[in-house]
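# Inside the fold
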Amino acid sequence: MIILLMSNIAPQFKARFLNFLPPLSWGFQGVGVILLSGFSVQSIAGEDENRLNKISPPPCAPSLITPLQLSPLSFSKHSKTIMVDLNQSVKKLEANQLVQPTPNSYLFKGNAKFTQPNLAVLSDQMLFNKVQQTAQFKGHVEIHQPEMLLMANQVDMSETEQTSTLKEARYQILPSRMYGQASQIFLEQKISKATLNQATLTACTQQPNQSLTWQLKFEEVKINQQTEQVTTRHAKLLIKGVPVLYTPYFSYSLADRASGFLFASLGSIKSVTQKDHLQFIKIPYFFNIAPNIDSTLTVIPMDKRGLIFDNEFRYLDKTHKVKLDLSSLQDQLTSKEGLSNTDTAGNVSYDEKITHRWRASLNARQNWGNGLTSSVLWHEASDENFYADIPVQSRYNTVTQIPRHLKLNYQKGNLQTYAVASSYLRLRNAPLNYEKRPEVGLRYRHQIDKISLNLQSSITDFVLPISSTTKPEALRFNIKPSIEYQINKPYGFVKATLVGNQTLYQMRDNANNTTGAKSHNLFAPQFALRGGLIFERAVQIFGQTYTQTLEPEVQYLYTPYQNQKNLPLFDTRNRSLSFSNLFSLNRFTGSDRIGDANQITTALTTRFLNENGRQLLDAGIGQITYFEERRVGLTKETVLADTSSDVFLKLGLNIGALNLSSTLQFTQQKYDLLHANSRLKYRSPQYGTLLANYVLSNKDTPSQKESLSMGGYTALAQNWQVGVYLNYDLYNEQLDQGSLGLRYDACCWAIEFMTERTQLDNGLYNDEFRMQFDLKGLSTSNPAFKKFLARKLRF
């Protein structure tokens with residue numbers, strides 16, 4: 001495990017020691033020695049120092065081992081100072097006293113200081129020999145550079161040999177402020193090598209009478225800048241002064257993306273196929289193959305199942321992006337017992353014995369040039385329980401299917417064409433969904449002044465992955481030309497739209513055709529006229545001036561009735577709850593149903609904007625008035641005789657740390673709440689973050705659903721953070737998913753625990769536990785629970 005830590009040190013050492021003191025090029029011949037009587041040196045903050053001081057160190061980072069000094073010099077009348085100006089004021093030597101022990105040497109004594117761009121060397125005395133081209137710094141020696149601070153009792157340098165030796169040295173890496181000590185640091189600039197003897201490294205602050213929280217100790221560290229390699233001998237990790245990890249030898253790269261071990265993680269999982277929790281540990285190793293190619297191999301020893309190998313391969317260039325995931329194991333558990341299935345009563349049965357279990361996933365995007373692009377998202381697995389049993393992708397451990405596709409796009413100007421084949425990787429209890437094998441489509445748009453000509457067309461072959469006696473298969477052709485005329489003004493707009501929908505079906509001639517014919521033909525024209533106005537006024541609220549808008553909108557839509565009761569249903573659904581869907585030309589998605597309509601939609605929206613134009617609040621109300629009965633339905637024709645639709649309300653609030661958006665649907669007769677979708681986000685540096693999503697559908701009906709998803713994280717106390725996520729089924733009064741995260745953040749280390757429980761379709765639960773440990777400065781891991789919460793609530 002010490003190897004895992006060592007591989008993360010490479011960026012800290014990179015190019016620090018070998019470049020900390022560039023050649024001084026002493027150049028004493030012809031030096032002008034200026035004796036400045038009655039003057040002393042004062043430091044004035046220059047651009048370099050200002051820039052460095054603005055770099056914020058990590059929170060509660062160790063203090064600087066000495067104040068950083070990289071500023072220009074100026075002079076004021078105080079005391080005697082002697083200054084030597086080297087190379088047109090680029091390099092300067094100064095001290096309280098200058099002595100010339102021999103004709104070839106100069107001794108600067110008392111507050112001696114050497115400066116050149118991005119370098120300052122301070123010591124009690126400096127001795128320079130112009131013939132031997134050597135320098136010796138004695139006493140309290142300090143060396144300042146933008147990326148490193150060093151202190152030593154003595155520094156010996158040779159310009160001829162290009163070597164430097166620092167004795168009893170202390171060093172600090174900036175801006176991370178990691179620091180350490182070495183009995184000796186020997187630098188060989190000609191061959192770009194550095195050697196540290198009896199060295200240490202830590203990111204922890206030393207507390208009085210206490211051991212460091214963690215510290216790395218090395219008997220020897222060798223840095224080779226030419227080969228970009230670091231080798232260490234006898235490295236130990238100490239926790240509170242106690243050695244816990246050790247390696248006699250290790251070598252790693254100084255490259256920006258160095259190959260090496262990454263931090264491990266521990267966990268346990270209880271899947272639907274098992275009664276007990278199974279423990280595992282993930283040990284990842286990163287391979288830096290090329291600047292744009294890498295691979296991460298993770299070895300996962302797992303209780304009872306054996307050894308899992310999981311590999312992530314990545315390739316990236318200007319035109320291609322590829323990510324390939326492969327996992328494999330010889331499952332010792334299923335080879336003995338077979339794949340288990342557990343029913344709702346808890347009874348376990350076993351299927352065939354599978355020894356080799358695997359999964360493969362490919363996610364790739366390509367840009368072939370001249371408007372041609374492609375994308376691949378494909379998944380395969382050895383069995384339907386793989387993701388439920390094997391902890392390689394936690395996001396898939398409870399899903400029933402995973403989408404996948406192959407897609408080719410071409411776009412030139414206003415023309416876009418595509419071809420796509422889409423399907424699903426069917427997992428445990430997967431629904432029976434149609435696959436597109438394939439779909440070919442075309443979109444074209446042409447603008448003539450205020451007139452827009454549009455054409456959409458597609459041919460789709462809908463196929464079922466397994467045979468069904470109730471769901472037909474067919475080849476569908478759809479073409480939808482349209483013409484739009486629109487006028488936009490600062491005070492409003494008007495838009496007229498004419499659409500023709502033509503859909504043809506060629507049914508597959510098999511026993512699954514339940515439509516009553518071998519082919520079907522549907523043509524449904526649509527006409528819509530939509531307009532809106534914008535009124536503004538200034539209002540005073542609590543002494544603040546805001547702009548309030550009043551925005552009425554109206555749309556007339558006409559679509560004649562066409563008999564569609566015998567048409568198949570492939571990719572068409574009722575439109576989801578949304579205020580903007582009031583103005584949709586079709587109450588269904590997809591192309592299998594075109595809703596008949598003779599109606600007017602009216603809506604009124606108001607917004608409040610501050611003086612910077614930021615929207616603080618918006619609210620709206622809308623409703624549809626029907627002039628004729630609606631007869632087209634999804635599965636059968638049912639006459640809808642209501643003269644008006646339900647009432648839709650929307651509300652948005654964006655004030656400070658609070659963000660709220662909500663859409664509500666009320667019945668048109670009694671104004672009872674029928675549907676609701678509300679999202680809330682509160683983010684405060686002081687109190688933490690709260691995210692919530694409430695969904696209600698079909699209230700007081702047999703198909704009612706009501707759920708609340710919410711999560712957040714906050715500080716419990718100093719250094720402690722807690723996070724909670726819940727997805728609760730309010731209608732059935734049961735927890736669908738819950739997760740708890742607990743994190744402790746110290747100055748130089750952190751530990752995070754996360755547990756998760758997810759209900760499966762059979763009523764049982766999948767349980768998982770994970771632990772993440774972080775030594776700050778050596779690793780860059782992000783809080784796991786925050787990533788999990790962002791993925792779940794998608795804020």
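Note that the structure is predicted; figures quoted are calculated from it, not measured.

## Quick word on the state of the cysteines
- Inspection of the entire model under this criterion finds 1 disulfide.
- Two residues, Cys-204 and Cys-748, share a disulfide whose sulfurs are 1.9 Å apart. Looking down the S-S bond of the Cys-204 and Cys-748 bridge, the torsion is 90°, so its handedness is right-handed. Residue Cys-204 is found in the loop between strand E13 (193–201) and strand E14 (214–224), and its partner Cys-748 is found in the loop between strand E44 (734–745) and strand E45 (749–759); the two are separated by 544 residues along the sequence. Each member of the pair, Cys-204 together with Cys-748, is buried.

## Topic: the nonpolar core
- Core analysis: the largest hydrophobic core is formed by 46 residues, its most contacted members being Phe-137, Leu-166, Ile-185 and Trp-214.
- Listed in part, the 17 residues of the second largest apolar core include Ile-269, Ile-390, Ile-402 and Leu-425.

## What about a nonpolar patch on the surface?
- Together, Ile-448, Ile-451, Leu-453, Ile-483, Tyr-485, Val-494, Leu-498, Phe-527, Leu-529 and Tyr-558 make up an exposed nonpolar region whose accessible area comes to about 790 Å².
- Of all the elements in the fold, those that place two or more residues in the nonpolar patch are strand E30 (451–463), strand E31 (474–489), strand E32 (492–507) and strand E33 (519–533).
- With respect to the secondary-structure elements, Tyr-558 resides in strand E35 (residues 544–559).

## Digging into the pairing of strand E7 (residues 105–116)
- With respect to burial, E7 is a largely interior element, 9 of its 12 residues being buried.
- As judged from the 3 bridges shared by strand E5 (residues 91–95) and E7, these two strands associate in the antiparallel manner. Following the sheet pairing, Glu-94 is matched in E7 by Lys-113.
- One ladder, built from 3 bridges, connects strand E6 (residues 97–99) with E7; its direction is antiparallel. The partner of Gln-97 across the bridge, within E7, is Lys-109.
- The hairpin turn running from E6 into E7, its antiparallel successor, is 5 residues long.
- Two elements, E7 and strand E8 (residues 119–129), share 10 bridges in a ladder whose sense is antiparallel.

## Focus: unusual backbone geometry
- Along the chain, Arg-437 connects to Pro-438 via a cis peptide bond; the corresponding omega equals -10°.
- For Pro-438, the position within the fold is in strand E29 (residues 435–448).
- Positive phi is not limited to glycine here, since Asp-449 has a value of about 55°.
- Residue placement: Asp-449 occurs in the loop between E29 and E30.

## What about helix H6 (residues 784–793)?
- Of the residues making up H6, those classed as buried are Phe-785, Phe-788, Leu-789 and Leu-793. Looking straight down H6, one finds that the buried residues subtend no more than 105° of arc, so they occupy a single side.
- Its buried side turned inward, H6 meets strand E40 (673–684), strand E41 (688–697), strand E42 (705–717), strand E43 (720–729), E44 and E45.

## Things to note about the pattern of salt bridges
- Counted according to the given criterion, the structure contains 28 salt bridges.
- Where Glu-439 meets Lys-436, a salt bridge forms, and the shortest distance between an N and an O atom there is 3.4 Å.
- Since its relative accessible area comes to 8%, Glu-439 is described here as buried.
- Residue classification places Lys-436 among the partly exposed residues on the basis of a relative accessible area of 21%.
- Across the pair Glu-768 and Arg-770 runs a salt bridge whose closest N-O atoms are separated by 3.1 Å.
- Of the residues examined, Arg-770 reaches a relative accessible area of 22% and is grouped as partly exposed.
- Several salt bridges converge on common partners, so that one network encompasses Arg-305, Asp-331, Arg-357, Asp-383 and Asp-389.

## Comments concerning the environment of Asp-700
- Take Asp-700: it is sitting in the loop between E41 and E42.
- Sequence separation between Asp-700 and Leu-673 is 27 residues, and the spatial gap between their C-alpha atoms is 9.4 Å.

## Description of the packing of aromatic side chains
- Applying the stated criterion across every chain, the model contains 12 aromatic pairs.
- A ring pair is formed by Tyr-387 and Tyr-396, whose centres lie 5.3 Å apart and whose planes are at 80°; its orientation type is edge-to-face. Summarising the burial analysis for this pair, Tyr-387 and Tyr-396 share the class buried.
- Between Phe-462 and Phe-570 the ring centres are 4.4 Å apart and the planes differ by 10°, which places this aromatic pair in the stacked class. Separated by 108 residues along the polypeptide, Phe-462 in strand E30 and Phe-570 in the loop between E35 and strand E36 (597–609) bring together distant segments of the chain.
- The exposure class of Phe-462 is buried, given its relative accessible area of 1%.
- One aromatic cluster is present, formed by Tyr-434, Phe-462, Tyr-505 and Phe-570 through successive ring pairs.
- Positioned above the aromatic ring of Tyr-418 is the side chain of Lys-407, whose terminal nitrogen or guanidinium carbon lies 5.6 Å from the ring centre.

## Let's talk about the pairing of E31
- Note: E30 against E31, 12 bridges, orientation antiparallel. Looking across to E31, one finds that Gln-456 is bridged to Lys-480.
- By the bridge criterion, 14 bridges tie E31 to E32 in an arrangement that is antiparallel. Note on E32: the bridge partner recorded for Ile-479 is Gln-502.
- Linking two consecutive strands that pair antiparallel, namely E31 and E32, is a turn of 2 residues.

## Here's the deal with the side chain of Thr-163
- Its place among the elements puts Thr-163 in strand E11 (residues 163–173).
- Its relative accessible area of 15% is what places Thr-163 among the buried residues.
- Ignoring any residue separated from it by four or fewer positions in sequence, one finds Thr-163 in contact with Asp-156, Met-157, Ser-158, Phe-186, Leu-187 and Glu-188.

## Considerations on the confidence of the model for the chain
- Averaged over all residues, the pLDDT of the chain equals 83, while 85% of them reach at least 70.
- Note on residues 1–11: pLDDT is under 50 here. Beyond four places in sequence and across chains, it has 44 contacts.
- Taken together, the stretch residues 342–350 has pLDDT below 50 and engages in 21 contacts with residues farther than four places along the chain or on a different chain.

## Focus on the side chain of Ser-123
- Of note, Ser-123 is situated in strand E8.
- Within polar-contact distance, the side chain of Ser-123 engages the backbone oxygen of Gln-125 at 2.9 Å.
- When neighbours within four sequence positions are excluded, Ser-123 is seen to be in contact with Asn-111, Ala-112, Phe-137, Lys-138, His-140 and Val-141.

About the cut-offs
Residues numbered from 1 in each chain as written. Predicted model: local features only at pLDDT ≥ 70, side-chain atom pairs only at ≥ 80, totals over all residues. Heavy atoms only, no water. Disulfide = S-S within 2.5 Å. Helix = DSSP H or I, 4+ residues; strand = E, 2+ residues; numbered from the N terminus. Buried < 20%, exposed > 50% of the residue type's maximum accessible area, 1.4 Å probe, protein only. Core = buried A, V, L, I, M, F, W, Y, C linked by side-chain atoms within 4.5 Å. Patch = residues over 30% accessible without salt bridge, like charges linked within 9 Å, V, L, I, M, F, W, Y side chains within 5 Å. Areas by Shrake-Rupley, 256 points an atom, 1.4 Å probe, with all protein chains shown as cover. Salt bridge = Lys/Arg side-chain N within 4 Å of Asp/Glu carboxyl O. Pairing = 2+ DSSP bridges. Arc of directions from axis to C-beta. Contact = heavy atoms within 4.5 Å. Phe/Tyr/Trp six-rings, centres within 6.5 Å; stacked < 30°, edge-to-face > 60°. Lys NZ or Arg CZ within 6 Å of the ring centre and 35° of its normal. pLDDT = per-residue confidence, 0-100. Polar contact = N/O pair within 3.5 Å; in protein donor to acceptor, adjacent residues only side chain to side chain.

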